[in-house]
Amino acid sequence: MGILPDCEIEGLLAKGGVCASEDFAAGQVQPSSLDVRLGAKAYRLRASFLPGRETRVSEKIERLTLHEVDLSEGAVLETGGVYIVPLLESLALDSKTSAFANPKSSTGRIDVFTRVIVDRSAYFDQIEANYEGPVYLEVSPRTFPVRVKQGSTLAQLRFRQGDPTDPNTEIKNLVDEGWQLTSGSLDVDGGLGVRVGLRPTEKDGAVGFRARRHAGFVDVDARDHPREDFWEPVHADSKGTIVLDPGEFYILASQEKICVPPSHAAVMAPFDPLMGEVRVHYAGFFDPGFGVGENKTPSSLAVLEVRGRDVPFILEDGQIIARLIYEPLRSPAQQIYGSGLGSNYQYQGLRLSKHFR
């Protein structure tokens, strides 16, 4: 039982468990996930929705669409809009295999909110075993308009057999095997506690970045956007604190380095109301091998996508802001993160998405 690694995902594709209206592209299969691609049309909706147990997504689209957007040559999706895009991939899962979704790391770091929806479902991002049918992606740019086209990848699917294991038990087992999962103190309570780092790491003393309002659009398939046109540096006070403004979007980093052993995958748990008036980490998948240094030690910071919520909120250096949940792979992955895959965020520090130079 556990998360399907790349070799088993390849087998799923070969057996028709995942189908596509176009040939699969090189690099779609990641060490423990599958990148899914936008189709040729986006539908601008009046509001987000869930289909419910009796309804197909296409029926809701027919009722709620304001207009269609042609993505075949590329188009800009506007900030604040809600769009539904049929994906090029569809599913025919067996009785043992379920799936769940998350935005790609680069998607979350530009504040694009995405959720997978399937027919006759009461949940976002969750696909039950035995599901057969199309897959749709809800896309809502929150800060920057984004230019996308048919084939762009904004989200990933993971496949699981069996039920999720207890996160505390998994961490204990890994520590017993000699893994140092964090360079900080071990705080385990439904996952590994991740603390925000608010001591300067940039040459200019910045501890993070805040997105500029009313900037230009981000082309999700380009990598040459000038950083200063979209982001401004964030500086902490002498006590290592910052104030998050309601509704503003920030890129911060963890205080400690972390790692994910090659035998496991991990996900950053979503916002916990007990942590305060802040929403953390839209994009939460960590592949096997992320941040693994010498002798089972961690070597990468976790980059945190943070949004202030209803009231101004003080973050302090070292405050626990998220939790990392580890799950075992069903079998070893053929490739691990950072091993010749062109991985963008291995051994990262405070880092914006790959779109910015």
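Note that the structure is a prediction, hence the values are computed from the model and not measured.

Student: Before we go on, may I ask you to explain the environment of Gln28 in this structure?
Tutor: With respect to the helices, strands and loops of the structure, Gln28 is situated in the loop between β2 (18-20) and β3 (34-37). What makes Gln28 buried here is its relative accessible area of 4%. Residues Gln28 and Asp6, spaced 22 residues apart in sequence, show a C-alpha to C-alpha distance of 9.9 Å. Those residues within four positions of Gln28 in sequence are excluded, and the remaining contacts are Ser33, Leu34, Asp35, Val36, Arg37 and Glu89. Only 2.8 Å separates the side chain of Gln28 from the backbone oxygen of Asp35, close enough to count as a polar contact.

Student: What is the right way to read the nonpolar core from this model?
Tutor: As a rule of thumb, nonpolar side chains are buried together in soluble globular proteins. Residues Leu91, Ile127, Phe159 and Trp231 are the most contacted members of the largest nonpolar core, which totals 52 residues. Setting aside chain neighbours within four positions, we find Phe159 in contact with Gly2, Ile3, Leu4, Ile9, Leu12, Val18, Leu34, Leu91, Leu93, Thr97, Ser98 and Ala99. Counting residues in hydrophobic clusters, the runner-up holds 32 residues, among them Ile171, Leu192, Ile242 and Ile258.

Student: It is not clear to me how the packing of aromatic side chains should be interpreted in this structure. Could you clarify?
Tutor: In this description, a pair of aromatic rings is defined by centroid distance and the angle of the planes. Going through the model one piece at a time under the given rule, you end up with eight aromatic pairs. Taken together, a centroid distance of 5.5 Å and an interplanar angle of 75° make the contact between Phe144 and Trp231 edge-to-face. Taken together, the positions of Phe144 in the loop between β11 (132-141) and β12 (146-148) and Trp231 in strand β17 (residues 231-234) put the pair 87 residues apart, joining distant regions of the chain. Summarising the burial analysis for this pair, Phe144 and Trp231 share the class buried. Taking the centre distance of 5.9 Å and the plane angle of 85° together, the rings of Trp231 and Phe356 count as edge-to-face. Remark: Phe356 occurs in the segment after β25 (320-328) and Trp231 occurs in strand β17; sequence separation between them is 125 residues.

About the criteria used
Residues numbered from 1 in each chain as written. Predicted model: local features only at pLDDT ≥ 70, side-chain atom pairs only at ≥ 80, totals over all residues. Heavy atoms only, no water. Helix = DSSP H or I, 4+ residues; strand = E, 2+ residues; numbered from the N terminus. Buried < 20%, exposed > 50% of the residue type's maximum accessible area, 1.4 Å probe, protein only. Contact = heavy atoms within 4.5 Å. Polar contact = N/O pair within 3.5 Å; in protein donor to acceptor, adjacent residues only side chain to side chain. Core = buried A, V, L, I, M, F, W, Y, C linked by side-chain atoms within 4.5 Å. Phe/Tyr/Trp six-rings, centres within 6.5 Å; stacked < 30°, edge-to-face > 60°.

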